[in-house]
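Given next are the chains, with one letter for each unit.
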Number of protein chains: 2
Amino acid sequence: MPKIDGLRLLDDLKTLRAYGASGNGVVRTSLTGIDVESRAWLLDRMQQAGLKAEIDGIGNVIGRSPNPGPALLMGSHTDTQPEGGWLDGAMGVIYGLEVARALSEDPDTADLAVDVASWMDEEGTFGICMGSRSFLGQVSDDEIARAKDVNGRGMAESLAAAGYAGRARNRLDPKRNPGYLEAHIEQGGLLENSGKRIGVVTAIVGIRTFRLTFEGAQNHAGTTPMPIRKDAGMALIRLAYRIDETFEAIKGERTVWTMGRIALHPGSHSIVPGFADMFLQFRDPDDARMDRFEMAFRALVEEANAAGPVAISVEPKGEKITPTPMDDSLQAHIAAAAEQDAPGDWIHMPSGAGHDAMIIGDEIPVSMLFVPSIDGISHDFAEDTAEDDIVLGCQVCADAVARIVRGWKGKG
Amino acid sequence: MPKIDGLRLLDDLKTLRAYGASGNGVVRTSLTGIDVESRAWLLDRMQQAGLKAEIDGIGNVIGRSPNPGPALLMGSHTDTQPEGGWLDGAMGVIYGLEVARALSEDPDTADLAVDVASWMDEEGTFGICMGSRSFLGQVSDDEIARAKDVNGRGMAESLAAAGYAGRARNRLDPKRNPGYLEAHIEQGGLLENSGKRIGVVTAIVGIRTFRLTFEGAQNHAGTTPMPIRKDAGMALIRLAYRIDETFEAIKGERTVWTMGRIALHPGSHSIVPGFADMFLQFRDPDDARMDRFEMAFRALVEEANAAGPVAISVEPKGEKITPTPMDDSLQAHIAAAAEQDAPGDWIHMPSGAGHDAMIIGDEIPVSMLFVPSIDGISHDFAEDTAEDDIVLGCQVCADAVARIVRGWKGKG
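So, how was this worked out
- Residues numbered from 1 in each chain as written.
- Chains lettered and ligands numbered in written order.
- Predicted model: local features only at pLDDT ≥ 70, side-chain atom pairs only at ≥ 80, totals over all residues.
- Heavy atoms only, no water.
- Helix = DSSP H or I, 4+ residues; strand = E, 2+ residues; numbered from the N terminus.
- Rg over C-alpha atoms; globule rule 2.2 N^0.38 Å.
- Buried < 20%, exposed > 50% of the residue type's maximum accessible area, 1.4 Å probe, protein only.
- Contact = heavy atoms within 4.5 Å.
- Areas by Shrake-Rupley, 256 points an atom, 1.4 Å probe, with all protein chains shown as cover.
- Lys, Arg positive; Asp, Glu negative; His and termini not counted.
- Charge placed at Lys NZ, Arg CZ, Asp CG, Glu CD.
- Pairing = 2+ DSSP bridges.
- Axes fitted to C-alpha atoms, helices over the stretch in contact; angles between N-to-C directions.
- Least-squares fit on C-alpha atoms with pLDDT ≥ 70 in both.
- Buried area = accessible area lost by both parts, 1.4 Å probe.
- Salt bridge = Lys/Arg side-chain N within 4 Å of Asp/Glu carboxyl O.
- Polar contact = N/O pair within 3.5 Å; in protein donor to acceptor, adjacent residues only side chain to side chain.
- Nonpolar A, V, L, I, M, F, W, Y, C, P; charged D, E, K, R; others polar.

Asks: Sorry if this is basic, but what is going on with the overall build of chain A here?
Replies: Scanning chain A from terminus to terminus reveals twelve helices and 17 strands. Taking 2.2 N^0.38 as the reference for a compact globule, 412 residues should give roughly 22 Å; the C-alpha atoms of chain A span a radius of gyration of 24 Å, in line with that estimate. Dimensions of chain A, computed from C-alpha atoms along their principal axes, come out at roughly 85 × 50 × 40 Å. Across the 412 residues in chain A, those meeting the buried criterion constitute 59%. Once local pairs closer than 6 in sequence are excluded, the contacts in chain A between residues at least 24 apart make up 79%. Accessible area for chain A stands at about 14,800 Å²; split by element, carbon and sulfur atoms hold 50% of it. A distance of 3 Å separates the average location of the 40 positive side-chain charges in chain A from that of its 61 negative side-chain charges.

Here it is as structure tokens:
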């Protein structure tokens, strides 16, 4: 089996961090000067690893194995949040690079093919997963022409400044790449809290978000008797309480729900609120369960509306995200590799956050592997993972990739 | 029995409204030019009614009966909210004026004494009930020197500009005024909802207000499993729900409670709130019941803190206002007058809002009478009361005053 080089892996990760380093974290948002510099470095490292590498017309860095296919595609992203962690995205890309090197260095696996990609703009500086969506043919030139960051910087101008404009954009060939593996930090506390070191992802959860508004009547908090109040705030509290109680009763093992925003109007301690609004979001790997959650909370809203006296409205917010199941066969290979390298120290778990794998999953079987996040922190300079865990995760990937590609070649 | 002149009463009220009129409402905040003009008019009307009237060093307009005492003191305020109703305060003052006229015009009551006052700044432009507190000796020259409105306009400069500075400030003489009656619009919807026309006030309610803060841990709404969350917002919702449920179970006939302000931090639909805060206010005429409410909610907080994982703190906000009971004997006379003029159409009720009577009650027996507010609206240009109700309320006051003062003179 292939043996990865932990020091080389960590060295590459730390070198990449230096592009935009801020303390333990990184500021390397898409298509800034430092991001473009880091892509040139990554291209060079891919070429040194023997990959046929290029940066395409949307800035995706793709290194292809010189071996004939089928090739497992490994990837993630090297752009960061405005105040990003050093491993979020970067780790999955450098894992790909190290796995490619490890496979080629072992005579037993030197014939196996792995392709490696860094997808442009997973963090959404210009749009939703621009790089991986481009690779799936989902981004028109017009979308790129219209895409701007919050400061009004255009994506097209930024691509031109980087020297990428006018290049062809790479497109997925499912025959070459019949499967995808993305390794990532967990960004949550489940592994750490379970005392486990590897997460084999079962699905990227679906997300549904709703805005609930409550129309009551604003009144004096001293002179308005309780029975004649139409208190929008109390209607919100009662509904939120019952939603939580009901979700608790019907939840799945990994369901999460959040009421992260509440506003009462006018928001004074001595005025009965006449208007209130809140957001309700829930996530689950199972779309049928998501349907049950939605039905359950809508039934509570109907019941509250029938009882009165406050009128409650429900409006979906943002896109409804359907769960992306991870491929069973790829999962089985990753689980076998995890059990080999970290016996008993791994679990199956969903991904609560979105990733490029969600996009790639539109066309080919996809899979993900997680390593623990210290204190569950991400999207913060303080994000980190123990070096032992970083190295272990990469070894599991290398073993998994060897198993998967051998399987495809009928040598499994 | 004295007979008030309804047309004269309404005419005076409408003339007073013209000072600062805005639609049906009034803008006449304390010591503005229009407020000072209106005080000169009121002084004149008091003198025409045969009262010995003056404006004192804090702008209180006080008209005393030429008759020897004991004199019932009637009063309220003629300053308004920044967007005020035309009757809030003004009605109680003009009632006093009309009652003084009606008593003096009836040979049977011409010997009875009623004194009439408009207290400066009940609406709190410069401070808390500055005029009535001054009349009780509770306002130092230093407090006046420091008092400023929200725009930085000083009370001392405003008194000087009005020509009141340097005048003596009147002081209550309990021998002259052994009792106080303040008529006011209800500012709530209880009378209207009960189909009644007169409220005999039993007490001005006490008020206690608390700020509750919730310290949890901010986390990603997708990647943080429910069992390890420290969701400050959910802790708030659960506590608020239980407080409401508990207060409902132990409430008195007139208890009100309000949670008018809730804030979650950072307040995003996909972030588990790490911090939350809310205000809880409750009001009741009975201080012992207020104690029970406070004990009950503090017990719920302790219980929630013992269960964790969110840490809840309680901090009293603003002054704790003790209920002001209305004098039983004065109440009985007002009730008798109400039953005479509006048989079956009156009720006993508390005042949910504060009034100058709360201050005057520190030294002498006080009483209040309410007339209905249309749709319960106040502190708004739309505030109004049916003219029939305005006239009826004044007649009940006149009859009540005659009964009270006769009683004091041993002629009851």
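Asks: What am I meant to see in the sheet that holds strand E14 (residues 311-316) of chain B here?
Replies: Note: strands within a sheet are paired through backbone hydrogen bonds, in either parallel or antiparallel orientation. All names here are of chain B. Sheet architecture is open: four strands sit in the order E11-E13-E9-E14, paired in antiparallel fashion. For this open sheet the edge positions go to strand E11 (256-265) and E14, each flanked by a neighbour on one side alone. Averaged over neighbouring strand pairs, the angle between their axes works out to 20 degrees when direction is ignored. In terms of strand pairing, strand E9 (residues 206-215) meets E14 through six bridges, oriented antiparallel. In the sheet register, Phe214 faces E14, and the bridge partner there is Ile312. In the packing of helix H8 (residues 232-250) onto the sheet, the strands contacted are E9, E11, strand E13 (275-284) and E14, and the crossing angle to E13 comes to about 15 degrees.

Asks: Mind showing me how you'd approach the sheet that holds strand E9 (residues 206-215) of chain A here?
Replies: Residue and element names in this part refer to chain A. The strand order E11-E13-E9-E14 describes an open sheet built from four strands, whose pairing is antiparallel. Here the strands that pair on one side only, and so sit at the sheet edges, are strand E11 (256-265) and strand E14 (311-316). Between one strand axis and the next, the sheet turns through 20 degrees on average, direction left out of account.

Asks: Whenever I open this one, the relation of the copies chain B and chain A confuses me. Can you help?
Replies: One copy of the chain maps onto the other through a rotation about an axis followed by a shift along the same axis. Overlaying chain B with chain A gives an RMSD of 0.2 Å, the required rotation being 180 degrees about an axis along which the chain moves by 0.2 Å. Taken together, the turn and the small shift mark the pair as related by a two-fold rotation axis. Judged by C-alpha distance, Ile237 of chain B is the residue of chain B that lies nearest the rotation axis, at 2.8 Å.

Asks: What is the right way to look at the interface of chain B and chain A in this model?
Replies: Frequently, the measure chosen for interface size is the accessible area that the parts lose on association. Contacts between chain B and chain A engage 44 residues on the former and 44 residues on the latter. Between chain B and chain A, roughly 3,900 Å² of surface is buried when both sides are summed, and carbon and sulfur atoms account for 65% of that area. Applying the counting criterion to the chain B and chain A interface returns two salt bridges. One salt bridge connects Arg238 of chain B with Asp244 of chain A, and the closest N-O pair in it is separated by 2.9 Å. Inspection of the region where chain B meets chain A yields eight residue pairs in polar contact (both at pLDDT 80 or more). Broken down by secondary-structure element, the contributors of at least two residues to the side of chain B that touches chain A are helix H7 (190-194), H8, E11, strand E12 (271-272) and E13 of chain B. Here the side of chain B that touches chain A takes eight residues from E11 of chain B, the largest share from any one element. Looking at side-chain class alone, the side of chain B that touches chain A contains 19 nonpolar, 19 polar and six charged residues.

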